[in-house]
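The residues making up each chain are set out below.
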Amino acid sequence: MTRHPVPFTPQNITEALRILKAGGLVAFPTETVYGLGADAANPQAVSKIFATKGRPANHPLIVHIGHVDQLEQWAESIPDNAYQLIDSFWPGPLAIILKKQPWVSDVVTGGQDTIAIRMPGNPVALDLLTQFNGGIAAPSANRFNHISPTLASHVQSEFGDSVEMIIDGGPCQVGLESTIIDVSSNNIKMLRPGHIQQQQIEHVLHNTVNQGTTDSTRRAPGMLELHYAPETPAALCPTIILDQYIEQYINAGKKMGVLVRHAQLDSHPNLHSIIMPEDPVKFGHDMYACLRQLDELQLDLILIEQLPDEPKWVAVNDRLLKATAGNICH
Ligand code: TXA
Ligand code: MG
């Protein structure tokens, strides 16, 4: 049995609030990706998120709030630059890492003394959050390491009936997870690139921002965590060798899917190609849904045409590098 997404109506929001207050899970749309939400002040409810996703306990969650006034309930020692970012980008696709208030459960923060907070810009999320009048902890509503959901139907296929309610808000406007910026120390770091770019943040802060990582554990250089990934093996492929690579695979009797921007590919029954947008924002918007579409076809390989190494492609390149575990054809 799978649970069907329900439309955004006052009655369904009332039911969602009831479920959240009772310690249950509600999946809801944000402008980035769908989130799997629980009452962030209820550690038992939050631990259901980890169980449902199969997520390791040391991976901290983002707490979503509906009003800036709630920030100080969750975070302390909030620096001025946090408020500058909030003024410029909230509600919106920016999560901010701050020192946590002592009462906030380790279950939410993965045992760290910092907390990630975001006020999303999606009307459904904001309505739910303002009526809930508290923090909702919500990771992307997908199984651990799998592709993030940008449609309610994606959440349904990820979790079946193990989530008590899925609110359908249509396709997510951005389609990639939020930018994460750590202002919890003087060394301001961007932990995850997203729709809001590093130069926009630097412009607001009149300061340079360093690169950091969301990884809670250190690993050997060059080792990439498989994340945001389809189940089908996937690789990035430079444009100039794409044709040659496809021909080789098809001749070997393999079934393959390809995400391309430029190449004109000959049609073949074993070749499923999707032409992607030229524009990085539109590419990011479509990318996860297209990867899911190919992932459902039981293919041997998904090839993704490599994208330019330019600032406007940073977020897309980051996700694709992780989705392919850094696997690049040469
Ligand atoms: O766009 C988004 O942010 C979506 C929607 C639902 O809001 N949520 C999302 O959550 O992407 P999740 O759990 O898939 O990713 C949260 C990231 C993780 O990489 C986690 O390590 C990082 O935020 N994070 C959370 N708290 C942190 C902290 N205190 N310090 C460092 N990183 C943190
Ligand atoms: Mg995620």
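Structure report, in brief.

### Focus: the site of ligand 1
Then comes step 1: Around ligand 1, the surrounding shell holds 23 residues, and the nearest of these are Thr32, Arg55, His64, Thr114 and Ser178.
Then comes step 2: At 2.6 Å from an oxygen atom of ligand 1 is found a side-chain nitrogen or oxygen belonging to Thr32.
Then comes step 3: Within the side chain of Ser178, an N or O atom sits 2.6 Å from an oxygen atom of ligand 1.
Then comes step 4: Compared with its free state, where it exposes 680 Å², ligand 1 has 94% of that area covered by protein.
Then comes step 5: The element best represented in the shell around ligand 1 is strand 7 (residues 114–118), accounting for 4 residues.
Then comes step 6: Residues of the shell around ligand 1, tallied by class, amount to 11 nonpolar, 8 polar and 4 charged.

### What about the sheet that holds strand 14 (residues 256–260)?
The strands making up a sheet are joined through hydrogen bonds of the backbone, oriented either antiparallel or parallel.
Then comes step 1: An order of 13-16-14-15 is seen for the 4 strands of this open sheet, with the pairing classed as parallel. Each having just a single partner strand, strand 13 (234–237) and strand 15 (271–275) make up the two edges of the open sheet. Across the sheet, the mean angle from the axis of one strand to that of its neighbour is 20°, orientation sign disregarded.
Then comes step 2: Alignment of strand 14 against strand 16 (residues 301–305), held across 4 bridges, turns out to be parallel. Residue Val258 lies in a different strand from strand 16, and its bridge partner there is Leu303.
Then comes step 3: Along the sheet face, helix 10 (residues 280–295) touches strand 14, strand 15 and strand 16 and points at about 165° away from the line of strand 14.

### Here we look at the packing of helix 4 (residues 80–89) against helix 8 (residues 198–205)
Then comes step 1: Contact pair helix 4 / helix 8: the axes reach a minimum separation of 9 Å and the direction vectors enclose 120°. By the angle class used here, helix 4 and helix 8 are oblique. For the element pair helix 4 and helix 8, the recorded crossing hand is right-handed. For the pair helix 4 and helix 8, the contacting residues are Asn81, Gln84, Leu85, Ser88 and Phe89 in the first and Gln200, Ile201, Val204 and Leu205 in the second.
Then comes step 2: Classifying every residue of the contact of helix 4 with helix 8 gives 5 nonpolar, 4 polar and no charged.

### Structural notes on the pattern of salt bridges
Then comes step 1: Here the structure, examined in full by the defined rule, presents 9 salt bridges.
Then comes step 2: When the shortest N-O distance is used, the salt bridge between Lys322 and Asp318 registers 3.1 Å. One end of the pair is Lys322 and the other is Asp318, both in helix 11 (residues 314–323) and 4 residues apart, which spans about a single turn.
Then comes step 3: The class for Lys322 is buried, based on a relative accessible area of 19%.
Then comes step 4: What you see here is one network of salt bridges that share partners, running through Arg143, Glu158, Glu231 and Arg292.

### Regarding the side chain of Ser105
Then comes step 1: Take Ser105: it is sitting in the loop between strand 6 (94–100) and helix 5 (106–109).
Then comes step 2: Taking relative accessible area as the criterion, Ser105 reaches 16% and is therefore assigned buried.
Then comes step 3: A distance of 2.9 Å separates a polar atom in the side chain of Ser105 from the backbone nitrogen of Val107.

### Quick notes on helix 9 (residues 239–251)
Then comes step 1: Helix length check: helix 9, at 13 residues, gives a terminal C-alpha distance of 19 Å against a target of 18 Å (1.5 Å per residue), a fit within 8%.
Then comes step 2: Three or more residues of helix 9 are buried, namely Ile241, Leu242, Tyr245, Ile246 and Ile250. Projected onto a plane normal to the axis of helix 9, the buried residues spread over an arc of 165° and lie on a single side. Across helix 9 from its buried face, at more than 90 degrees, point the exposed residues Ile240, Glu247 and Asn251.
Then comes step 3: In the core, the buried residues of helix 9 are packed alongside strand 13, strand 14, strand 15 and strand 16.
Then comes step 4: Count one or two residues on from helix 9 and you reach Gly253, which has phi positive near 80°.

### Section: helix 4
Then comes step 1: Taken together, the buried positions of helix 4 are occupied by Ala82, Leu85, Ile86 and Phe89. Buried positions in helix 4, seen along its axis, are confined to an arc of 100° and lie on one side of it. Exposed residues lying more than 90 degrees from the buried face of helix 4 are Asp80 and Asp87.
Then comes step 2: In this structure, the buried residues of helix 4 make contact with helix 3 (71–74), strand 6, strand 10 (179–182) and helix 8.

Quick notes on the rules
- Residues numbered from 1 in each chain as written.
- Chains lettered and ligands numbered in written order.
- Predicted model: local features only at pLDDT ≥ 70, side-chain atom pairs only at ≥ 80, totals over all residues.
- Heavy atoms only, no water.
- Near = heavy atom within 4 Å.
- Polar contact = N/O pair within 3.5 Å; in protein donor to acceptor, adjacent residues only side chain to side chain.
- Areas by Shrake-Rupley, 256 points an atom, 1.4 Å probe, with all protein chains shown as cover.
- Helix = DSSP H or I, 4+ residues; strand = E, 2+ residues; numbered from the N terminus.
- Nonpolar A, V, L, I, M, F, W, Y, C, P; charged D, E, K, R; others polar.
- Pairing = 2+ DSSP bridges.
- Axes fitted to C-alpha atoms, helices over the stretch in contact; angles between N-to-C directions.
- Contact = heavy atoms within 4.5 Å.
- Parallel < 35°, antiparallel > 145°, perpendicular 65-115°, else oblique.
- Left-handed = near helix turned anticlockwise from the far one by under 90°.
- Salt bridge = Lys/Arg side-chain N within 4 Å of Asp/Glu carboxyl O.
- Buried < 20%, exposed > 50% of the residue type's maximum accessible area, 1.4 Å probe, protein only.
- Expected span 1.5 Å × (residues − 1).
- Arc of directions from axis to C-beta.

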